Structures are given as structure tokens and as C-alpha cells.
Amino acid sequence: MGTYLIRRLLRTALVMLGISLVVFVFVRSIPGDPATVMLGERGTPEAAARLREQLGLNKPWFFNPANPLDAQYPKYVNALLHGDLGSGLKSNIPVRDELRARFPATAELSLSALIFALAVGLPAGVIAALRRNSFWDNVATTISLVGVSMPVFWLGLLLSYFFAVKLGWLPPSARIGNESTLRPISGLYLLDSILRGDGRSFWDVLRHLILPAIALGSIPLAIIARITRSSLLDVLGQDYVRTAKAKGLAPNRVTLKHALRNALLPVVTVIGLQAGALLGGAVLTETIFSWPGIGSWVYDAISQRDYPVIQGGVIFAALVVSVVNLLVDLSYAALDPRIQYR
Amino acid sequence: MKKFLITALLATLPAASAAGTLVFGANGDPVSLESGNITDGISILVQRQIYDTLVDFKDGTTDLKPGLATSWKANADNTAWTFTLRKGVQFTDGTPMNADAIVFNLNRWWDKADPYGFRDQGRTYEIVGDLLGGYKGDASAVIKGIVKVNDTTVRVDLNKPSSVLPNVLAAGYFGIASPAAIKKDGAKYGTPASTPVGTGPFVFQSWQTGDRVTLKANPDYWGTKARVDTVVIRSIKDASQRLNELKAGTIDFANDFTPDALKSIQADKNLVAVKRPSFNVGFVSMNNRNQYLKNDKVRQAIAMAINKKAIVDAFWNGLGTSSASFLPPVMAWANSSKVPADYTYDPAAAKKLLADAGYANGFSIDLWYMPVSRPYFPTPKPIAEAIAADLSGVGIKVNLKTEDWAKYLDDRNKEPGFDMYMIGWTGDYGDPDNFYGAYYGANASDDINWAPANLVSLLEKGRAATSQADKAKVYAQIHEITYNAAYRVPVVHSSPLAAARVYVKGWVPSPLGSESFNTITLLGKK
């Protein structure tokens with residue numbers, strides 16, 4: 001187990017280095033650079049050249065014959081190894097600081113979305129499987145079909161319009177109210193309001209979290225419900241379930257203790273895969289809900305060609321996905337004793 | 001005794017008029033709160049609240065009024081401008097605003113060797129290069145030197161005559177910051193980890209990136225003191241969500257709605273639609289490198305074949321006007337009386353012109369439209385489709401094309417460029433040079449391959465002209481030349497749409513896109 005973990009971590013580090021190279025080349029290969037966007041409509045070739053020089057973008061990518069260390073990628077990797085991701089080209093805000101400030105927002109939203117998806121998706125899948133081809137099965141299948149096919153931005157706007165503008169129940173967007181006095185600790189506002197013993201803020205934060213979590217959680221919910229249904233159906237037909245039933249165990253106990261536990265394995269895999277999807281979905285959800293997380297930040301950086309931000313954001317997202325997948329792999333062993341890591 | 005009575009009387013007035021939190025919905029985050037190093041509208045908007053500029057604009061216009069300078073004067077040939085500073089003004093950190101502070105700020109932007117410019121840490125101050133020709137020592141730079149005459153007087157010496165220096169320095173890019181604060185925060189100044197300090201009506205409190213900037217009223221402001229306690233400027237990128245927030249009452253006012261939101265705003269009894277005075281131009285550019293567009297008759301035919309008025313009526317909901325001038329209506333004084341008010345829409349005559357040019361059977365051409373919404377073209381794609389339909393009516397087959405904004409901006413300047421493309425301009429200050437100079441002449445982009453010598457020298461002459469009467473003569477000629485050449489056909493001058501809750505009073509939107517919020521009251525906000 002220990003060596004397995006070390007091997008996995010080493011491999012992750014190598015993958016990160018590879019990703020840094022790919023992103024570096026990739027963002028610079030897209031036509032239009034930060035200078036073009038910063039100058040906007042007033043951009044003349046001369047002004048763009050002047051700005052490129054000021055930003056150091058005129059330097060060679062990999063190798064400068066005059067001064068081998070004065071090239072963009074070696075400098076970047078060198079800084080990266082020192083834990084420095086650079087600064088936003090225009091804002092001058094260190095990418096590391098911005099990640100630290102924004103990751104909690106994305107984490108809080110993604111976790112809430114995942115919890116929502118599990119809380120609704122799992123029972124829906126179980127019910128659909130147990131009452132196969134019944135009315136409830138049809139309802140669950142239809143909802144999950146709609147969940148998968150409805151674009152997140154559309155659903156988000158719809159939710160916001162209906163619950164905030166029409167009914168006035170929930171705030172339309174943002175993480176926290178205009179007059180909030182919450183002083184963050186961890187950056188996970190829900191947790192922070194509990195730590196501060198601030199009930200008003202807790203309620204405020206929760207209200208702001210509901211709509212974006214539903215919007216972001218809708219696709220994972222649908223997928224989880226479908227996987228749970230089919231996986232449970234699969235398991236329910238197997239011999240050991242029949243044996244358990246034959247032993248005279250209560251049907252609920254058979255389903256929940258024996259069948260569901262084994263049916264969860266593919267569900268956990270899907271949750272792992274969804275970690276990446278959640279980060280991807282966060283781009284749209286965060287933009288729609290003015291959520292100050294990583295998704296909307298990287299999205300902006302891409303349209304502005306802010307190289308250090310795009311690089312830092314992608315490397316960080318890859319790291320998060322790697323860690324989540326590692327956790328998923330480790331949880332297989334916990335769910336199924338037959339699986340062992342060496 | 002009299003003073004006591006007045007204070008006592010004032011105390012009985014409703015407190016609501018001088019209190020409350022004003023919440024603005026901006027279409028994004030500021031990039032930086034450091035003056036001279038920004039070009040985007042949201043940074044300017046936030047900075048306007050924190051900083052003052054040397055010269056200011058009268059509310060709702062582009063006319064100049066005193067700012068931190070109470071007066072300014074040029075020498076006879078417009079090569080040196082002297083600014084007399086307001087006395088007794090302090091930055092909100094308690095340090096004095098004086099000639100040293102002004103020289104410090106100007107040098108920081110203009111002198112590449114200035115130690116407080118932090119250029120080695122990525123500062124670029126590109127707007128100085130754009131509006132003032134370059135930096136210290138550059139051959140093209142407008143400024144030659146910045147001199148402290150005495151504690152309340154600063155002189156700016158120029159390399160070439162310019163009548164517009166005070167206008168340029170009034171633009172929202174050039175807020176005057178506290179030198180002490182810059183020295184204290186160093187390279188961090190202007191980022192969320194710093195405390196920007198100015199002399200403006202509001203004092204910086206906090207900035208959560210991607211979310212909001214919070215400001216407090218400056219109790220010692222030298223000008224009109226703010227009537228609210230707090231201003232929160234929220235970043236709400238999505239226009240539909242901005243409207244949702246406004247309708248839900250979670251923000252008080254907001255900017256940058258597309259014209260199609262007008263109906264929905266007008267239908268809500270809690271909201272008022274607010275039109276910004278038009279200060280932009282959206283136009284179609286034609287490239288001289290294209291074999292068809294090289295021909296004068298073809299370009300004139302195209303200008304005639306586009307039913308601009310119908311297009312503006314259809315897509316701007318009454319929030320735009322069409323004219324034959326590059327200049328927005330407020331600068332009509334610089335238009336030529338020999339040029340008609342608008343292009344004539346005459347498809348039959350256009351067809352005839354095309355036949356004269358040898359293209360009776362028409363031809364096929366690319367029209368590029370922008371992938372982003374801009375105040376001058378809020379919905380570029382359907383507008384491009386309408387133009388294409390008009391042109392197909394006279395036999396010109398149009399291929400509509402678009403690409404990512406960064407690539408678009410890049411490709412238009414790369415040979416061979418686009419055949420025809422949509423672009424525009426929003427002004428920084430009220431001088432015709434700010435419009436013509438950006439797209440014609442020596443300092444303009446290279447997208448149409450057309451800059452005749454007489455036009456270039458007229459543009460130089462316009463920049464040096466001292467009186468408005470002299471300017472009017474020069475720009476009338478420029479208007480005639482550019483109109484007849486028809487390389488760039490103005491389509492619209494739009495009024496960007498903003499909106500507010502009904503209780504927001506005293507908001508005077510500036511044509512330049514941002515204004516101080518110190519005049520706004522919130523009487524009756526729940």
C-alpha cells in the first residue's frame with residue numbers, strides 16, 4: 001500500500017510536468033496573444049510589439065542562443081519548481097494567491113453539488129431499480145434524461161429567474177449577501193460561519209449556495225441515478241443475492257447491505273470521473289451565478305490569453321482531478337476486500 | 001448660536017438621504033486599481049470613485065471642468081501646459097496632494113526608468129503609449145518633460161504641439177494616487193492585496209476578486225460629498241443574470257444591457273431604463289487589398305446598398321442613430337456641412353455603380369463579425385446577417401465569418417487582413433482626434449491599407465489646432481475625405497443601455513462610460 005502510494009504520487013508529479021509543457025505550448029499556439037486583447041480595438045501592430053516586449057512575450061519559448069536561461073519555458077519550470085506559478089499578466093496578482101482565494105469557493109460549490117447529486121441520485125436510482133418499469137422508475141428515468149440534456153447555463157438562468165425574481169425565495173447569484181459581515185477563515189463560507197458561531201451568515205451562505213449547487217449537480221445527479229439503477233439491477237440478479245433471500249433475510253436488508261454495497265463500486269468510479277466534470281461544469285455555473293471560483297477565473301483568462309493564469313489553473317485542476325482519482329482508487333479497496341494495491 | 005441652530009435643524013432631516021449601501025452590478029471584475037495601468041471600463045469605473053483626475057468632465061458631458069487642477073493654460077504654440085493645483089486637498093491617507101504628488105504620478109506612467117513604475121514586475125502603462133505617443137525618450141512621445149514649478153503648479157512640456165493634453169489627462173485612466181501609498185505597497189499596489197489611496201469621493205475598503213469591491217464614503221472629500229455610506233461594486237458577468245439581480249432588488253443599478261433588454265426593463269414598474277449619451281461608433285471597414293474593394297465605385301455601392309436606418313431601428317430598439325460621420329452626435333461641430341447627414345440607401349443606384357465598375361453580375365466577399373458584444377455592436381451576428389442580406393440584394397454574395405475575439409483582433413492587422421469587417425470605437429475624451437486618429441492616419445491599425453498623405457497631414461494639423469473653430473475646419477476636411485473614400489462606413493452611434501431601481505436618484509451617466517457615484521441618493525430603498 002505504501003509503495004503503491006509513493007509510486008502514484010511520483011507518477012502524478014511527472015504527469016504535472018507533462019501537463020505544464022502541453023499547456024505552455026498549447027496556449028501560445030492559439031492565435032491572438034495577451035497583447036492583442038489588452039490593446040483591444042486600439043491595437044496597432046506597433047503597439048502590440050511594444051507591449052509584447054514589455055511583457056517578455058517576445059522571448060524564445062524554449063531556447064535562447066544568446067542566454068540559455070532567458071527563455072520562457074525554462075524560466076517557467078524553474079519558478080514552478082519553487083512553487084511560483086507567476087502572476088496574472090495584466091492584474092499582477094500572483095496566480096498562487098488567486099488560487100488560494102478562489103479554490104475554496106469552487107470546492108464548496110462542487111462539494112455541495114456532489115452532495116445534492118448523491119442525496120437525490122442514489123435513492124432515485126435505488127427506487128427505480130427496485131420498482132423496475134413502474135411509474136417511479138419512469139419518473140426517475142425521465143428526470144435523469146432531462147438532467148443530462150439540459151445545458152447548465154440554461155438551467156441556471158431558469159432557476160435563478162424562477163426562484164429569485166418570480167418567487168423571491170432565494171438570491172439570484174453571488175456567494176454572500178451585499179451587507180455580509182462574515183470574516184472568512186478557511187474560505188469555505190458555510191464552515192466559516194459555523195466556526196464563527198454566526199447563524200445569520202450561515203443562513204445567508206446556505207441560501208446563496210442552493211441554486212448554483214442544484215444547477216451544477218443536475219448532470220452528476222442524473223448520471224448517478226442511472227448508474228445506480230443499472231448497477232443495482234445487475235447485482236440483484238446475481239446468485240449471492242438469491243442466496244441471501246433464500247436464507248430468509250429481510251428484503252430491505254438484502255438490498256441495502258448486500259446488494260447496494262456491491263452495486264456502489266461503479267457509482268464510486270463515476271463520482272471520481274465526475275470530479276473532473278464538476279470542475280468543467282463549474283466554468284459555466286460560476287459564470288452564471290457570479291461565483292468567485294476557479295472556473296470563471298480561468299474562463300476569463302482564456303478569452304484574455306492570460307498565459308500564467310491559464311497554465312496555473314490547468315495544472316491545478318489536473319492536480320485536483322489526480323488526487324480525487326487516487327482517493328477513488330483507494331476507496332475501492334475499502335468497498336471490495338478483493339481489491340488490493342501493491 | 002446660528003451655527004448651532006443650523007446643525008440642530010439639519011439633524012432633524014431624514015437620515016435616509018445620507019445613508020445606505022449602494023450596490024452596482026458591473027459586467028466583470030476590475031483588472032487593477034492602479035491608475036495609468038488600466039484600459040478596461042470596469043477598472044475605470046471603480047477608480048473614478050477612489051481617485052480624482054487633474055482635469056474632470058462636467059456631469060453627463062465630455063466638456064472639461066476643474067478637478068485636482070483648478071485651472072490650466074497652454075503657452076502660445078501649445079507646447080507647454082501649466083496646471084494650477086487645488087489647495088488644501090489631502091489623500092485619504094492624510095498625505096498632501098501637491099505638485100510633488102502630481103509629478104510622481106505622471107513620471108511613474110511616462111518614465112520607463114522610474115523606480116516606482118515596477119515595470120520589471122509586469123507593469124506596462126500601455127494607455128500612455130496609446131494616447132500620448134510613447135514614453136520618455138521615444139521619438140514619437142508627446143511629452144518632453146514634467147516640471148514642478150512650485151508647490152501648487154506643474155508644467156508639462158511637449159515635443160510637439162497638442163491642444164488636447166488636458167482632455168487626455170481627464171480620461172478615467174489617469175487618477176492621481178497617493179505617492180506614500182504606492183511606496184508603501186510597492187509592486188503590490190493596485191492588486192487586491194494592497195490599499196489604493198486617492199483623493200476621491202470614496203475610500204477603498206476591500207476587494208474580493210471575482211466578487212466585489214467595497215468602498216466607504218470619504219467624509220473629508222473636497223467636492224460633493226457622497227450621499228451613501230457604502231458602495232458595493234459587484235462583478236456579474238452574465239447580462240441576463242445582471243437583469244435578474246436588478247429585478248430581484250439585490251442590486252440597485254447596472255450597466256451594459258443589450259437593447260433587447262429594454263422591453264423587459266420598461267415592463268417592470270420597479271425599474272427605470274437609463275440611456276447613456278452616445279459616445280461611440282460602430283462601422284464596417286473595407287480592405288484596400290481586396291481586388292473588388294480597391295475600386296472606389298464598389299465601396300460606394302456597398303455604402304449605398306446597406307439599409308443602415310432599418311438595421312439600426314431593428315437592432316437597437318431606439319437606442320442608436322445612424323449617420324455619415326465617424327464622430328458621435330455630441331461632436332457634430334466637427335462635421336462638414338458638405339457631407340450629407342447619412343448615406344443614401346439606394347440599391348438601384350448601387351447596382352448601377354457596380355455595373356459601371358464592371359461587376360454587373362456581382363461577386364463574392366467575406367464579411368467578418370465580432371464574436372463579442374460591444375456597446376457599439378451589442379449583437380454583431382444578426383446585424384451582420386442583415387448587412388449580408390442587403391448586399392445580396394445588389395448581387396454581392398457575402399460569406400459571414402467570425403472567430404475568437406483575440407484572434408479576430410490579431411488577424412485583422414495581419415496581411416492580407418479581412419475583406420470587410422465590423423469593428424468600432426468608444427471615445428476616451430471629447431476631441432475628434434480620439435476618434436479619427438484611432439482608425440485613420442499614421443497611428444492607426446493597418447487593417448485597410450489606406451492612409452493617403454493628405455489625410456495624415458490633416459490629422460497632424462487637427463492635433464495641433466488651438467481653437468475649436470480651427471479644429472472644426474480641419475476635421476470638416478477630414479470628414480469629407482473619409483466620407484468620399486468610404487473605406488469605413490459608420491453604421492451606428494449607440495446609446496448603451498443601463499437601468500436602475502426607481503429609488504436611485506441623481507445618477508448622471510457619462511458618455512465616457514463611467515462617472516462618480518457621489519451624487520446618487522437612495523431615498524426609499526427597502
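In this text, all values refer to a predicted model and were calculated from it rather than measured experimentally.

Undergrad: Please give an account of the interface of chain B and chain A that cites residues and values.
TA: Contacts between the two partners involve 60 residues from chain B, matched on the other side by 47 residues from chain A. Contact between chain B and chain A buries roughly 4200 Å² in total, counting both sides, with carbon and sulfur atoms accounting for 49%. At the junction of chain B with chain A, the criterion picks out five salt bridges. As a salt-bridge pair, Arg305 of chain A and Asp404 of chain B come within 2.5 Å of each other at their nearest N and O atoms. Secondary-structure elements contributing two or more residues to the side of chain B that touches chain A are β1 (21–26), α4 (126–131), β10 (230–235), α7 (239–248), α13 (405–412) and β17 (420–426) of chain B. Taken together, the residues of the side of chain B that touches chain A break down into 19 nonpolar, 22 polar and 19 charged.

Undergrad: Could you give me a rundown of the sheet that holds β1 of chain B, with the residues and numbers involved?
TA: Residue and element names in this part refer to chain B. Strand order in the open sheet formed by seven strands is β8-β9-β10-β1-β11-β19-β12, with mixed pairing between adjacent strands. Taken across any chain shown, the strands that pair with only one partner, and hence form the sheet edges, are β8 (202–208) and β12 (271–275). Each strand axis lies, on average, 20 degrees off the axis of its neighbour in the sheet, ignoring direction. Note: strand β11 (residues 253–257) against strand β19 (residues 497–501), three bridges, orientation antiparallel. What sits directly across from Ala254, in β19, is Ala499. In the packing of α7 onto the sheet, contacts are made with β1, β10, β11, β12 and β19, and the angle to β11 comes to roughly 155 degrees.

Undergrad: Hey, could you go over the confidence of the model for chain B for me, with residue numbers and the actual values?
TA: Mean pLDDT over chain B stands at 93; residues scoring 70 or higher make up 97%. Here residues 1–17 of chain B is modelled with pLDDT under 50, and outside its nearest four sequence neighbours on either side it reaches four contacts, counting other chains as well.

Undergrad: Tell me what's going on with the nonpolar core, and back it up with residues and numbers.
TA: Counting 151 residues, the largest nonpolar core has Trp507 and Phe517 of chain B as the members making the most contacts within it. The contact partners of Trp507 of chain B, leaving out residues within four places of it in the chain, are Phe24, Phe253, Ala254, Val274, Arg276, Ala498, Ala499, Ala500, Glu515, Phe517 and Ile520 of chain B. One finds Leu51, Val95, Ala301 and Tyr307 of chain A within the second-largest nonpolar core, a separate group that totals 28 residues.

Undergrad: Outline the pattern of salt bridges, supporting the account with residue identities and numerical values.
TA: All names here are of chain A. By the definition in use, this model includes 42 salt bridges over all chains. The salt bridge involving Asp70 is made with Lys75; its shortest N-O contact spans 3.1 Å. The exposure class assigned to Asp70 is buried, which follows from its relative accessible area of 18%. Linked through salt bridges whose partners overlap, the residues forming this network are Lys59, Asp70 and Lys75.

Undergrad: Tell me about helix α16 (residues 468–485) of chain B, residues and numbers included.
TA: Residues and elements named next belong to chain B. The terminal C-alpha atoms of α16, which comprises 18 residues, lie 25 Å apart, in line with the 26 Å expected from a rise of 1.5 Å per residue. Buried residues of α16: Lys471, Val474, Tyr475, Ala476, Ile478, His479, Glu480, Thr482, Tyr483 and Ala485, and no others. The inward-facing, buried residues of α16 abut α9 (296–305), α14 (432–439) and α15 (453–464). Positive phi appears at Ala486, one or two residues downstream of α16, with a value of about 55 degrees.

Undergrad: So, the pairing of strand β4 (residues 69–74) of chain B: which residues are in play, and what are the values?
TA: Looking along a regular strand, one sees the side chains alternate between the two faces of the sheet. Residue and element names in this part refer to chain B. Examined bridge by bridge, β4 and strand β5 (residues 80–85) share five bridges and lie antiparallel to one another. Its bridge partner lying in β5, Ala69 is registered against Leu85. Counting the residues in the hairpin turn of β4 and β5 gives five residues, including Asn78, whose phi is positive at 60 degrees.

Undergrad: Describe the confidence of the model for chain A, listing the residues and the values that go with them.
TA: Taken over all residues, the pLDDT of chain A has a mean of 88, while the share at 70 or more is 100%. When pLDDT is averaged over each element of chain A, helix α8 (residues 189–195) of chain A comes out on top at 94 and helix α10 (residues 239–246) of chain A at the bottom at 81.

Undergrad: I'd like to hear about the environment of Val270 of chain A, residue by residue, with values.
TA: Residues and elements named next belong to chain A. Its location among the elements puts Val270 in helix α11 (residues 251–288). For the pair Val270 and Pro220, spaced 50 residues apart in sequence, the C-alpha to C-alpha distance is 8.6 Å. Sequence-distant contacts of Val270, defined by excluding residues within four places in its chain, comprise Ile223 and Ile227.

Undergrad: Residue-level account of the pairing of β8 of chain B, with values.
TA: All names here are of chain B. As judged from the six bridges shared by β8 and strand β9 (residues 212–217), these two strands associate in the antiparallel manner. Across the sheet, Trp207 pairs through a bridge with Val213, a residue of β9. Connecting β8 to the next strand, β9, in antiparallel fashion are three residues, including Gly210 with a positive phi near 80 degrees.

Undergrad: Could you give an account of the side chain of Asp192 of chain A, with specific residues and numbers?
TA: Residues and elements named next belong to chain A. Summarising the element assignment, Asp192 is placed in helix α8. An unpaired buried charge is present at Asp192: no salt bridge exists, and Arg175, the closest side chain of opposite charge, is 6.6 Å distant. Polar side-chain contacts of Asp192 include one of 2.9 Å to the backbone nitrogen of Ile185. Not counting chain neighbours up to four residues away, the residues in contact with Asp192 comprise Leu182, Pro184, Ile185, Ser186 and Gly187.

Undergrad: Now, about the packing of aromatic side chains: what can you tell me, with residues and values included?
TA: As enumerated under the stated definition, the model contains 40 aromatic pairs over all chains in all. Ring centres 5.6 Å apart and planes at 70 degrees place the aromatic pair Phe62 of chain A and Tyr73 of chain A in the edge-to-face group. Of the two residues, Phe62 of chain A is situated in the loop between α3 (45–55) and α4 (72–81) and Tyr73 of chain A in helix α4; the sequence distance between them amounts to eleven residues. Judged by relative accessible area, which is 12%, Tyr73 of chain A ranks as buried. Taking the centre distance of 6.2 Å and the plane angle of 80 degrees together, the rings of Tyr440 of chain B and Trp450 of chain B count as edge-to-face. Taken together, the residues Tyr440 of chain B in the loop between α14 and α15 and Trp450 of chain B in the loop between α14 and α15 connect sequence positions ten residues apart. Both residues of the pair, Tyr440 of chain B and Trp450 of chain B, count as buried. Seen from the ring of Phe24 of chain A, Arg28 of chain A lies directly overhead, with NZ or CZ sitting 3.8 Å from the centre.

Calculation notes
Residues numbered from 1 in each chain as written. Chains lettered and ligands numbered in written order. Predicted model: local features only at pLDDT ≥ 70, side-chain atom pairs only at ≥ 80, totals over all residues. Heavy atoms only, no water. Contact = heavy atoms within 4.5 Å. Buried area = accessible area lost by both parts, 1.4 Å probe. Salt bridge = Lys/Arg side-chain N within 4 Å of Asp/Glu carboxyl O. Helix = DSSP H or I, 4+ residues; strand = E, 2+ residues; numbered from the N terminus. Nonpolar A, V, L, I, M, F, W, Y, C, P; charged D, E, K, R; others polar. Pairing = 2+ DSSP bridges. Axes fitted to C-alpha atoms, helices over the stretch in contact; angles between N-to-C directions. pLDDT = per-residue confidence, 0-100. Core = buried A, V, L, I, M, F, W, Y, C linked by side-chain atoms within 4.5 Å. Buried < 20%, exposed > 50% of the residue type's maximum accessible area, 1.4 Å probe, protein only. Expected span 1.5 Å × (residues − 1). Lys, Arg positive; Asp, Glu negative; His and termini not counted. Polar contact = N/O pair within 3.5 Å; in protein donor to acceptor, adjacent residues only side chain to side chain. Phe/Tyr/Trp six-rings, centres within 6.5 Å; stacked < 30°, edge-to-face > 60°. Lys NZ or Arg CZ within 6 Å of the ring centre and 35° of its normal.

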